[in-house]
Amino acid sequence: MTFSTYAELNQKMIEHFQQGEFRQALELIEKEGANFPANRPLVDYWKMVSCARLDDRKRVIEIAENCLKDGVWFGEMMWRRSPSFASLQGDAEFERIVASSLALQEKDSPPSEPVLLKHFPKDHSKKSPLLIALHGNQNTAEGTLPFWRTSVDNGFVLAVPQSSQAMFKGAFVWDDLEVSFHDVKACYENLKSEVDFDVQSVVLAGHSMGGLIAIQMALTGDLPVRGLGVNGPALPFGDEPDELDKLLPSAQERGLRIYFIVGEKDTDIEQDAIRAFAEKMKSVGIPCELEIVSGATHDYIPDYDAALLRGLKFITS
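This structure is a prediction, so every number in the text was calculated from the model and none was measured.

Visitor: Tell me about the overall build of the protein chain, and please be specific about residues and values.
Guide: The helix and strand tally for the protein chain stands at 13 helices and nine strands. By the compact-globule yardstick of 20 Å for 317 residues, the protein chain fits well, its C-alpha radius of gyration being 21 Å. Seen through its C-alpha atoms, the protein chain measures out along the principal axes to roughly 60 × 40 × 35 Å. Across the 317 residues in the protein chain, those meeting the buried criterion constitute 49%. Residue pairs in contact within the protein chain that sit at least 24 positions apart in sequence constitute 72% of those at least 6 positions apart. Of the roughly 15,200 Å² of accessible surface on the protein chain, 48% is carried by carbon and sulfur atoms. Charged side chains of the protein chain number 32 positive and 48 negative; the gap between the two group centres comes to 3 Å.

Given below as structure tokens:
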């Protein structure tokens, strides 16, 4: 089998794991993984968890040591929360690897103030609207900037926080929702104390998993936002439709406005679910629009710029 993208290989690995086919998974990733050098951390992670499932602890340690030798570290959540590593917790060699990985992480990215990128429009003032934009999983604040940068040229202060949840070098995630909500709230409080902006014109935005965090926080009212603009989002409350229904009346009363942007060829998201979500918002009186960008995938292309500006105009009108 030939894989044209890493996403296709990753999906096949997921299927093998769901079916308990760990030997097949290991054979596949060892055969095909080298074709995707840019995804080396994820390829090696799949190798390690496959070996762990096959109780080949020696091979897990060998792969991890090679990663560390090449400067590739994994965050604590990867070592501690991966079900495949459950049986290795407390093992002396495994704990040595974890400690070495965390030490390399600290050396590469020493603990400091949370990462928060700020970009200001040319005529920045206390009347400037604010866009808080959240990156997707396995990305960084810097990596998501192309999706949102055009807002600055159109008068917005742009603030891009980075999740505190490190998956591996250069990849941060929003998987722990409570931690994620705390991070975003802290970002907002930081901005209120340090940056001039119009508190009545705050828009919360996000891409992919960052979109899920943005949607949930906007609907719950955790941040006092005027609107919500998301690109290729994951959706919250999938298993809790009643919880979603409880939030909609107050969101409507607050005047929340929502703009969804979806790439026509984005196969990383559930487009039908997003359409249904948008229709549900409309049905309860929440102004909501869904724009499909022709030819676009889950990754940034310049055509997304115009879509974002249309969304911001809709939200702030």
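Visitor: Tell me about helix α12 (residues 271-283), and please be specific about residues and values.
Guide: The terminal C-alpha atoms of α12 lie 18 Å apart, and with 13 residues this matches the ideal 18 Å at 1.5 Å per residue to within 8%. Residues of α12 that are buried include every one of Gln271, Ile274, Phe277, Ala278 and Met281, and no others. The arc that holds the buried residues of α12, viewed along the axis, is 120°, so those residues lie on one side. Turned more than 90 degrees away from the buried face of α12, the exposed residues are Asp272 and Ser283. Residues of α12 that are buried in the fold lie against α10 (209-220), α11 (241-253), β8 (257-263) and β9 (288-293). Immediately downstream of α12, the backbone of Gly285 shows phi near 90°, a positive value.

Visitor: With reference to specific residues and values, describe the packing of aromatic side chains.
Guide: Counting across every chain of the model gives 16 aromatic pairs. Relative to Phe94, the ring of Phe85 has its centre 5.6 Å away and its plane inclined at 50°; by these criteria the two rings are tilted. Residue Phe85 is classed as buried on the basis of its relative accessible area of 0%. Linked through ring pairs, Phe17, Phe22, Tyr45, Trp46, Phe74, Trp79, Phe85, Phe94 and Phe168 together constitute an aromatic cluster. Positioned over the ring face of Phe314 is Arg257, at 4.4 Å from the centre of the ring.

Visitor: Requested: an account of the pairing of strand β3 (residues 157-161), with residues and values cited.
Guide: Judged by how many residues are buried, β3 sits mostly within the fold: five of five residues are covered. Residues Val157, Ala159 and Pro161 point to one face of β3 and Leu158 and Val160 to the other, with burial holding for every one of them. Sheet topology note: the strand β1 (residues 116-119)/β3 ladder contains four bridges and is antiparallel. Paired with Leu117 across the bridge in β3 is Val160.

Visitor: I'd like to hear about the environment of Asp55, residue by residue, with values.
Guide: Within the element layout of this structure, Asp55 appears in the loop between α3 (40-53) and α4 (57-69). By relative accessible area, which is 55% here, Asp55 ends up exposed. Taking C-alpha positions, Asp55 is 9.4 Å from Leu88, a pair spaced 33 residues apart along the chain.

Visitor: So what's going on with the pairing of strand β6 (residues 202-207)? Which residues, and what values?
Guide: Burial analysis of β6 places six of its six residues in the buried class, which makes it a mostly covered element. Of the two faces of β6, the one carrying Val202, Leu204 and Gly206 and the one carrying Val203, Ala205 and His207 are both buried. Where strand β2 (residues 130-134) lies against β6, five bridges are found, and the strand directions are parallel. Within β6, the position partnered with Leu131 by the bridge is Val203. Considered for its hand, the β-α-β crossover made up of β6, α10 and strand β7 (residues 227-231) is right-handed.

Visitor: Can you explain the nonpolar core? Please cite residues and give values.
Guide: Counting 44 residues, the largest nonpolar core has Ile132, Leu191, Leu219, Ile258, Phe260 and Met281 as its most contacted members. With eight residues, the single largest contributor to this core is α10. Phe260 has contacts with Ile215, Val230, Pro233, Leu235, Ile274, Phe277, Ala278, Cys288, Glu289, Leu290 and Glu291, leaving out every residue within four places of it along the chain. Ranked by size, the runner-up nonpolar core spans 39 residues in total, among them Ile29, Trp46, Cys67 and Val72.

Visitor: Before we move on, can you summarise helix α6 (residues 92-108) with the specific residues and values?
Guide: The end-to-end C-alpha separation of α6 is 24 Å, in line with the 24 Å expected for 17 residues at 1.5 Å each. Taken together, the buried positions of α6 are occupied by Phe94, Ile97, Val98, Ser101 and Gln105. Buried positions in α6, seen along its axis, are confined to an arc of 100° and lie on one side of it. Exposed positions of α6 whose direction lies more than 90 degrees from the buried face are Ala92 and Lys107. Contacts from the buried residues of α6 go to α4, α5 (76-81) and β4 (165-168). Where α6 begins, the capping side chain belongs to Asp91, and its oxygen is found 3.1 Å from the backbone nitrogen of Glu93.

Visitor: Describe the sheet that holds β1, listing the residues and the values that go with them.
Guide: The mixed open sheet is built from seven strands, whose spatial order is β1-β3-β2-β6-β7-β8-β9. Single-partner strands in this sheet number two, and they are β1 and β9. Here the average twist between neighbouring strands, direction ignored, is 15°. Examined bridge by bridge, β7 and β8 share five bridges and lie parallel to one another. Bridging from a neighbouring strand, Leu228 pairs with Ile258 of β8.

Calculation notes
- Residues numbered from 1 in each chain as written.
- Predicted model: local features only at pLDDT ≥ 70, side-chain atom pairs only at ≥ 80, totals over all residues.
- Heavy atoms only, no water.
- Helix = DSSP H or I, 4+ residues; strand = E, 2+ residues; numbered from the N terminus.
- Rg over C-alpha atoms; globule rule 2.2 N^0.38 Å.
- Buried < 20%, exposed > 50% of the residue type's maximum accessible area, 1.4 Å probe, protein only.
- Contact = heavy atoms within 4.5 Å.
- Areas by Shrake-Rupley, 256 points an atom, 1.4 Å probe, with all protein chains shown as cover.
- Lys, Arg positive; Asp, Glu negative; His and termini not counted.
- Charge placed at Lys NZ, Arg CZ, Asp CG, Glu CD.
- Expected span 1.5 Å × (residues − 1).
- Arc of directions from axis to C-beta.
- Phe/Tyr/Trp six-rings, centres within 6.5 Å; stacked < 30°, edge-to-face > 60°.
- Lys NZ or Arg CZ within 6 Å of the ring centre and 35° of its normal.
- Pairing = 2+ DSSP bridges.
- Right-handed = clockwise from strand over helix to strand, strands pointing away.
- Core = buried A, V, L, I, M, F, W, Y, C linked by side-chain atoms within 4.5 Å.
- Polar contact = N/O pair within 3.5 Å; in protein donor to acceptor, adjacent residues only side chain to side chain.
- Axes fitted to C-alpha atoms, helices over the stretch in contact; angles between N-to-C directions.

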